[in-house]
Amino acid sequence: MDVQVANHCSIKSAAKASIPQNAAECGIDNTPKKKPRSRRGRRGKRRRGKKANEPPPFLPPEAEEGNIEYKLKLVNPTQYRFEHLATQLKWRLQEGRGEAVYQIGVEDNGLLVGLTEEDMKASLKTLRRMAEKVGADITLLREREVDCDRARRKIAEVLVRKVPDDQQFLDLRVAVLGNVDSGKSTLLGVLTQGELDNGRGRARLNLFRHLHEIQTGRTSSISFEILGFNSKGEVVNYSDSRTAEEICESSSKMITFIDLAGHYKYLKTTIFGLTSYCPDFAMLVVGANTGIAGTTREHLGLAMALKVPIFIVVSKVDLCGKSTVEKTVRQLERVLKQPGCNKVPMVVSNPDDAVTAAQQFAQSSSVTPIFTLSSVSGENLDLLKVFFNILPPLSNSKEQEELMQQLTEFQVDEIYSVPDVGTVVGGTLYSGVCREGDRLVVGPTDDGRFLRLKVCSIHRNRSGCRVLRAGQAATLALGNFDRSLLRKGMVMVSPKMNPTICWQFEAAIVLLFHAKTFRRGFQVTVHVGNVRQTATVECLLGKEELRTGERAVVCFRFLKHPEYLRVGAKLLFREGVSKGIGHVTHLLPSTQNHVPDQNRNQNHS
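All of these numbers come straight from a predicted model, not from anything done at the bench.

**Q** Where do I start with the overall build of the protein chain in this structure?
**A** For the protein chain, the helix and strand inventory stands at 15 helices and 30 strands. Within the span of the protein chain, comprising 605 residues, buried residues form 52% of the whole. Sequence separation of at least 24 residues holds for 71% of the intrachain contacts in the protein chain that already meet a minimum separation of 6. Here the protein chain has roughly 28700 Å² of accessible surface; of this, 48% comes from carbon and sulfur atoms.

Shown next, in the form of structure tokens:
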């Protein structure tokens, strides 16, 4: 919204600047060759002279749907008007899944009128009463001044957030990507523990799951950490000796960080985390001292291939001089602007930038915020917290309701054995609603069957939960169900769904890179959601072979066991340096889904 307006303003100022008054004023020579340079210099001078905090002259017109509401003023409304305003607020909160943004002093067409100091205080007081009526709190994000008839008036941007009830807080999942030793786990440790790092990695110790991770300082598995915000926008984390249960109870909004591995040999684990856990956003961490190195480009490409919105954090600025940090930021901007990315970098340097970045990031997939911070000194760490606090969900309430109306489908990503509890599975509910006591079927097994089971209890963010809704991640206790019958990549679905198995499927793909030619018989590791298995290329429809950059519809066949797939699911495959992306277009009928014999595979290879 602000980016579009800023572009409009820059075009307008550029048009004015293109009409110079005289040569001396513009600082140009009479030689025609130097005129273009002087115009650019004049435009730059005008932009630099513009106040940084000056708001755009207008905003886009108010949308009927969504969680953003414009109000010119809310001064002393009648009781009937107040009830209407409260109902309207309730609708906006529902659209934003518990969050709404009010722009005070703005007309419905987006014109910034502004209010006097007295009217602004009265309007905020009314908004606070409205929020209390619907069980919410308000937080003033920012106030800005506008010029109107020689009088200084203000507009205010206010965040309204529901007070949590029955664990139905807003939950956003953020995948953390970046090269090895870029400071991913340390940054998460500082955010979630509330204490700065000592410069030697103390903050990351609580995140590691294995002894060899502590010894090497390198993440090799997928771990989850939580950061909460209460209804007033205050940070809720493990500081003050809080437990995970207390964080969940106190939070209206929860950020779940998925800490992924940075080393190249753990790339398959990172891909599984991106495809299986369905992150809403991705945070790419880049060390200021190393710049774009190692797997940074690979991780950026993976997030873009899977269409996960990405923002960038430049860490370790305390180790470098200002020039080195600026060099790293310029390097990132060049990469983001390349034809393959087509992103609009936005460097965040103050709280106002952080608010604008959060709103634009959710509205436009091309905007890429860039933060520069330190986990040791804490420099600019608050800007990242402001960003997380305001960051809205990608899906609205209508999409959420549609998913909840469908039959239950739960993806199995992790399997545990817990003493006195039994078998426990962790994963994400793709569709429907899951409750304690529900009877589901899980599969497919190696021989293609689905087995009946019962959900004994549900835990979400390490605390008990009675109901699980579509899009939420949780662990389900299955009692004495035999763990050996389960594996990653299975699904638990409603028996009414009548699930089918798949040995062979077709997918429309783009071959991103292959050293030679991609042809029949080639074996690749296929990632589709939580499914990860080796598959053989059975045939290329209409082609004999495929080279880098070419597209085709390819028929794949799984080697080990059948899987449960959905048409339209995103697909990513790789083998060594070879890699490609696409989506599933067709599942072959069950008559063709038989187990491939070994001789046939040997002939194809």
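**Q** For this particular structure, what's the right way to read the sheet that holds strand β30 (residues 578-587)?
**A** In sheet architecture, strand pairing relies on hydrogen bonds along the backbone and comes in two forms, parallel and antiparallel. With antiparallel pairing, the six strands of this closed barrel are ordered in space as β23-β28-β26-β25-β29-β30. Each strand of the sheet is rotated relative to its neighbour by a mean of 45 degrees, with strand direction disregarded. Both strand β25 (residues 523-528) and strand β29 (residues 570-575) contribute to a ladder of three bridges, which runs antiparallel. Note on β29: the bridge partner recorded for T525 is R574. Strands in contact with helix α9 (residues 267-276) are β25, β26 (531-541) and β29; relative to β25, the strand with the most contacts, it is inclined by about 35 degrees.

**Q** Could you clarify how one ought to interpret the packing of helix α6 (residues 184-193) against helix α13 (residues 381-390) in this entry?
**A** Any two packed helices are characterised by how steeply their axes cross, that is the angle between the axes, and by the distance between the axes. Where α6 contacts α13, the two axes come as close as 12 Å, and the packing angle between them is 75 degrees. Between α6 and α13, the angle is such that the two are roughly perpendicular. Across from L187, V190 and L191 in α6, the residues of α13 making contact are L381, L384, K385 and F388. Of the residues in the contact of α6 with α13, the class split is six nonpolar, no polar and one charged.

**Q** Mind showing me how you'd approach the pattern of salt bridges here?
**A** Any two side chains of opposite charge can pair, on the condition that their charged atoms come close. By the definition in use, this model includes 18 salt bridges. A salt bridge links K71 to E69; the shortest N-O distance between them is 3.4 Å. Judged on exposure class, the residue K71 and its partner E69 are both buried. One network of salt bridges, in which partners are shared, links E69, K71 and R92.

**Q** What is the right way to read a positive patch on the surface from this model?
**A** A cluster of basic residues, K268, K488, R532 and K560, forms a positive patch on the protein surface. Here K560 is to be found in the loop between β28 (551-558) and β29. For K560, a relative accessible area of 63% puts it in the exposed group.

**Q** What am I meant to see in the sheet that holds strand β13 (residues 409-418) here?
**A** Taken together, eight strands build an open sheet; the order of strands is β17-β16-β22-β13-β14-β21-β18-β19 and the sheet is antiparallel. At either margin of the open sheet sits one strand with a lone partner, and together these are β17 (451-454) and β19 (463-465). Sheet twist, expressed as the mean angle between neighbouring strand axes with direction ignored, is 40 degrees. The pairing of β13 with strand β22 (residues 491-493) spans three bridges and is antiparallel. If you follow Q411 over to β22, its bridge partner there is V491.

**Q** Help me out: how do you make sense of a nonpolar patch on the surface in this one?
**A** A contiguous nonpolar patch, built from Y416, V418 and V421 and spanning about 200 Å² of accessible area, is present on the exposed surface. Relative to the helices and strands, V418 resides in strand β13.

**Q** In this structure, what is going on with the side chain of R173? I would like to understand it.
**A** Checked against the element boundaries, R173 lands in strand β5 (residues 170-178). A polar atom in the side chain of R173 sits 3.4 Å from the backbone oxygen of C278. Within the structure, R173 has its side chain in polar contact with the backbone oxygen of G471 (distance 2.8 Å). If we skip the residues at most four places from it in the chain, R173 touches T256, I258, Y277, C278, P279, D280, F281, T428, G471, Q472 and A473.

**Q** Can you help me understand helix α5 (residues 117-133) in this one?
**A** Each α-helix turn comprises 3.6 residues. Residues three or four places apart therefore point the same way. Between its first and last C-alpha, α5 extends 25 Å over 17 residues, near the 24 Å set by a 1.5 Å rise per residue. One or two residues past the end of α5 sits G135, with phi positive at roughly 75 degrees.

**Q** Is there a simple way to explain the side chain of S252 in this structure?
**A** The topology assignment puts S252 in the loop between α8 (244-250) and β8 (253-259). When sequence neighbours within four positions are dropped, the list of residues in contact with S252 reads R161, K162, V163, P164, F169, L170, F229, N230 and S231.

**Q** Mind showing me how you'd approach the environment of R520 here?
**A** Note that R520 resides in the loop between β24 (518-519) and β25. What makes R520 partly exposed here is its relative accessible area of 49%. Put simply, R520 and E538 are 18 residues apart on the chain and 5.5 Å apart in space, counted from C-alpha to C-alpha. A distance of 3.3 Å separates the side chain of R520 from the backbone oxygen of E538, its partner in a polar contact.

**Q** Mind showing me how you'd approach the nonpolar core here?
**A** Nonpolar side chains in soluble globular proteins tend to end up buried together. By size, the foremost hydrophobic cluster in this structure holds 37 residues, and its most contacted members are F257, M283, F311, L384 and F388. The greatest single-element share of this core, amounting to six residues, is contributed by α13. A domain-level breakdown of this core finds at least three residues from each of domain 1 (68-162) and domain 2 (170-394). One finds L300, L302, V329 and V335 within the second-largest nonpolar core, a separate group that totals 33 residues.

What counts, and where the lines are drawn
- Residues numbered from 1 in each chain as written.
- Predicted model: local features only at pLDDT ≥ 70, side-chain atom pairs only at ≥ 80, totals over all residues.
- Heavy atoms only, no water.
- Helix = DSSP H or I, 4+ residues; strand = E, 2+ residues; numbered from the N terminus.
- Buried < 20%, exposed > 50% of the residue type's maximum accessible area, 1.4 Å probe, protein only.
- Contact = heavy atoms within 4.5 Å.
- Areas by Shrake-Rupley, 256 points an atom, 1.4 Å probe, with all protein chains shown as cover.
- Pairing = 2+ DSSP bridges.
- Axes fitted to C-alpha atoms, helices over the stretch in contact; angles between N-to-C directions.
- Parallel < 35°, antiparallel > 145°, perpendicular 65-115°, else oblique.
- Nonpolar A, V, L, I, M, F, W, Y, C, P; charged D, E, K, R; others polar.
- Salt bridge = Lys/Arg side-chain N within 4 Å of Asp/Glu carboxyl O.
- Patch = residues over 30% accessible without salt bridge, like charges linked within 9 Å, V, L, I, M, F, W, Y side chains within 5 Å.
- Lys, Arg positive; Asp, Glu negative; His and termini not counted.
- Charge placed at Lys NZ, Arg CZ, Asp CG, Glu CD.
- Polar contact = N/O pair within 3.5 Å; in protein donor to acceptor, adjacent residues only side chain to side chain.
- Expected span 1.5 Å × (residues − 1).
- Core = buried A, V, L, I, M, F, W, Y, C linked by side-chain atoms within 4.5 Å.
- Domains from an automatic or database assignment.

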